[in-house]
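Residues per chain, in single letters:
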Amino acid sequence: MTTMFKLSAAVLGLGLALGATGPAEAQTKFKFTLDWAFQGPTSAFLYADQKGYYKAEGLDVTLDAGQGSAGALQRVATGAYEMGFADVNALIEYNVANADKQVKAVMMAYDAPPFGVYALKSSGIKTPKDLEGKKLGAPVFDASFKLFPAFAAKTGIDKSKVTSVNLAPPLREPSLKNGSVDFISGHYFSSFLDLKKIGVKPEDIVPLIYADYGMDFYGNAVIASPAFMQANPNAIKGFVKATIKAWKEIAADPTLGARAAKTRDGLIDEGLELERLYMSLERNVLTPWVKKNGFGDVDTARLERSAEAVASAVGLARAPKASELFTDAFLPPKADRMMPSK
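Residues numbered from 1 in each chain as written. Predicted model: local features only at pLDDT ≥ 70, side-chain atom pairs only at ≥ 80, totals over all residues. Heavy atoms only, no water.

**Q** Provide a residue-level description of the overall build of the protein, including the pertinent values.
**A** Broken down by element type, the protein carries 16 helices and ten strands. The C-alpha radius of gyration of the protein comes to 22 Å, within 12% of the 20 Å expected for a compact globule of 342 residues. By principal-axis analysis of the C-alpha atoms, the protein measures approximately 95 × 45 × 35 Å. Per-residue burial for the protein yields a buried fraction of 51% across its 342 residues. Taking all contacts inside the protein whose residues are at least 6 apart in sequence as the whole, residues at least 24 apart take part in 80%. (Helix = DSSP H or I, 4+ residues; strand = E, 2+ residues; numbered from the N terminus. Rg over C-alpha atoms; globule rule 2.2 N^0.38 Å. Buried < 20%, exposed > 50% of the residue type's maximum accessible area, 1.4 Å probe, protein only. Contact = heavy atoms within 4.5 Å.)

This is the structure we're talking about:
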């Protein structure tokens with residue numbers, strides 16, 4: 001009896017040990033790149049990771065910062081990263097040129113785009129036409145910079161009269177402040193608050209937001225490589241599900257997001273990131289369309305209109321269809337994507 005009990009206990013213990021390691025061994029490991037630094041607007045990814053939401057879906061995700069949407073797209077397109085967060089408009093030019101290996105968006109995050117350019121009142125710039133003859137400073141991977149030709153076409157700017165200056169990301173706002181450039185491009189919630197952080201008074205900033213001039217584009221989305229979509233569809237579904245869960249909780253209590261960003265990068269200003277997060281939620285995420293239709297999906301007709309505008313502005317041979325840019329195959333049901341009412 002004693003020997004049998006010891007044997008049974010040993011077998012049970014082995015089973016428990018195997019059970020404990022089984023899920024860990026079964027976890028899908030992959031790399032995810034953000035478009036920018038760890039900040040409030042993208043804190044849902046950090047929060048989901050810290051709360052164990054990805055792990056609960058059987059995922060082992062490495063989250064890295066980025067240096068621009070175009071750069072994030074390149075990371076995913078080259079296979080260096082399986083998934084990422086990037087401007088969906090950056091897919092337009094890439095997917096037209098790479099029809100056999102198209103990267104697709106699997107979850108829309110910014111239903112309204114945060115793109116824009118910013119000047120100081122002292123420059124005399126008040127309208128888009130005033131940008132002619134001026135110097136634009138931006139990192140080459142910046143989404144707003146990449147879309148500037150479309151903004152110029154929409155507002156009647158002769159872009160040949162605008163000089164572009166390539167700036168490293170940390171030099172963008174300081175270069176505007178010290179007068180090295182006349183205006184800069186960037187996400188509204190990034191450049192506006194980063195200028196404020198270095199001592200520029202908000203009332204001295206002249207924001208020209210693309211959406212305010214009729215550019216009805218989408219913004220950033222979660223993207224995935226074609227190889228990863230084919231090999232690991234359940235991993236993508238789990239990642240999207242966990243991320244939406246985190247975004248919903250942060251929308252209900254933004255302090256959770258700011259705290260998650262601070263936890264990941266102890267050097268950030270938590271108060272500033274909370275302000276940045278509020279701005280992104282109000283202007284880019286919790287739009288009337290999202291409140292009615294749920295977070296993460298797109299209006300295909302609207303996406304195709306924006307693709308046509310970008311294709312025309314940058315001289316592409318054709319505009320891609322919405323199905324070449326976005327798939328809803330990995331989204332949870334609409335009921336699970338409804339955001340909390342504020």
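That covers the picture; the talk isn't over yet.
**Q** Go over the nonpolar core with me, naming the residues and quoting the values.
**A** In terms of nonpolar packing, the biggest core is built from 106 residues, with Phe32, Phe45, Met83, Phe148, Phe239 and Trp247 touching the most fellow members. Excluding anything up to four places from it in sequence, Met83 contacts Phe30, Lys31, Phe32, Thr33, Val76, Val106, Val222, Ile223, Ala224, Phe228, Ile236 and Phe239. (Core = buried A, V, L, I, M, F, W, Y, C linked by side-chain atoms within 4.5 Å.)

**Q** Mind laying out the sheet that holds strand E5 (residues 115-120), listing which residues take part and the relevant values?
**A** Taken in spatial order, the five strands make up an open sheet running E7-E6-E8-E5-E9, and their pairing is mixed. Only two strands of the sheet have a single neighbouring strand rather than two, namely strand E7 (163-166) and strand E9 (205-209). Across the sheet, the mean angle from the axis of one strand to that of its neighbour is 30 degrees, orientation sign disregarded. The pairing of E5 with strand E8 (residues 183-187) spans five bridges and is classified as antiparallel. Bridge assignment links Ala119 to a residue of E8, and that residue is Phe183. Helix H9 (residues 188-197) rests against E5, E8 and E9 of the sheet, and its axis sits at about 125 degrees to E8. (Pairing = 2+ DSSP bridges. Axes fitted to C-alpha atoms, helices over the stretch in contact; angles between N-to-C directions.)

**Q** How would you sum up the pattern of salt bridges? Please name residues and give values.
**A** Within this structure, the stated rule accounts for eleven salt bridges. A salt bridge links Asp142 to Arg172; its shortest N-O distance comes to 3.3 Å. Residue Asp142 is located in the loop between strand E6 (135-138) and helix H6 (143-146), and its partner Arg172 is located in helix H8 (residues 172-177); the two are separated by 30 residues in the primary sequence. Residue Asp142 is classed as buried on the basis of its relative accessible area of 5%. We note a salt bridge from Glu273 to Arg276, for which the minimum N-O separation is 2.9 Å. Placement of the pair is Glu273 and Arg276 together in helix H13 (residues 270-285), with a separation of three residues, close to one helical turn. (Salt bridge = Lys/Arg side-chain N within 4 Å of Asp/Glu carboxyl O.)

**Q** Lay out helix H5 (residues 88-97) with the relevant residues and their values.
**A** Most of H5 is tucked away, with eight of its ten residues classed as buried. For H5, the set of buried residues is Val88, Asn89, Ala90, Leu91, Ile92, Tyr94, Asn95 and Val96.

**Q** Outline the environment of Tyr47, supporting the account with residue identities and numerical values.
**A** Along the chain, Tyr47 falls in helix H2 (residues 43-50). Look at Tyr47 and you get buried, because its relative accessible area is 8%. Each C-alpha atom, one on Tyr47 and one on Met215, is 31 Å from the other, the two residues being 168 residues apart in sequence. When near neighbours in sequence (up to four residues on either side) are disregarded, Tyr47 contacts Tyr53, Ala246, Glu249, Ile250, Leu256 and Ala260.

**Q** I'd love a proper account of empty space enclosed by the protein, names of residues and values included.
**A** Under the definition given, this model contains two cavities of 30 Å³ or more. Roughly 140 Å³ of internal volume is contained in the largest cavity. Lining the largest cavity are 18 residues, with Asp35, Trp36, His187, Phe189 and Ser190 sitting closest to its centre. Where the lining of the largest cavity is concerned, the elements lending two or more residues are E8 and H9. Here the second largest cavity defines a volume of roughly 30 Å³. (1 Å grid on protein atoms, 1.4 Å probe; cavity = no way out; pocket = protein on both sides within 12 Å on 5 of 7 lines; lining within 4 Å. Points joined across faces, edges and corners; volume = space filled by probe spheres on them.)

**Q** Tell me about the pairing of E6, and please be specific about residues and values.
**A** Consecutive side chains of a regular strand alternate in pointing toward one face of the sheet and then the other. In terms of strand pairing, E6 meets E7 through four bridges, oriented parallel. Bridging from a neighbouring strand, Leu136 pairs with Ser164 of E7. Direction of pairing for E6 relative to E8: parallel, over a ladder of two bridges. Looking at the pairing, Leu136 lines up with Phe183 of E8.

**Q** Help me get a handle on the environment of Gly79, residues and values and all.
**A** Here Gly79 is to be found in the loop between helix H4 (69-77) and strand E3 (83-87). With 146 residues separating them in the primary sequence, Gly79 and Ser225 have C-alpha atoms 7.1 Å apart.

**Q** Got a sec to walk through the packing of aromatic side chains? Specific residues and values, please.
**A** Counted according to the given criterion, the structure contains 19 aromatic pairs. For the ring pair Phe32 and Phe239, a centre distance of 4.9 Å and an interplane angle of 35 degrees mean the geometry is tilted. With Phe32 in strand E1 (residues 28-33) and Phe239 in helix H11 (residues 233-252), the pair connects residues that are 207 residues apart, well separated along the chain. Judged on exposure class, the residue Phe32 and its partner Phe239 are both buried. Summarising the aromatic geometry, the rings of Tyr47 and Tyr53 are spaced 6.1 Å apart at their centres and angled 80 degrees between planes, so their arrangement reads as edge-to-face. Following the ring pairs from residue to residue traces out a cluster consisting of Phe30, Phe32, Phe45, Tyr54, Phe85, Tyr110, Phe189, Phe228, Phe239, Trp247 and Phe295. Geometry around Tyr188 places Arg283 over its ring, the cationic atom sitting 5.2 Å from the centre. In this structure, Arg302 is placed above the aromatic ring of Tyr218, and the distance from its NZ or CZ to the ring centre is 3.8 Å. (Phe/Tyr/Trp six-rings, centres within 6.5 Å; stacked < 30°, edge-to-face > 60°. Lys NZ or Arg CZ within 6 Å of the ring centre and 35° of its normal.)

So yeah, pure geometry; function would need other evidence.
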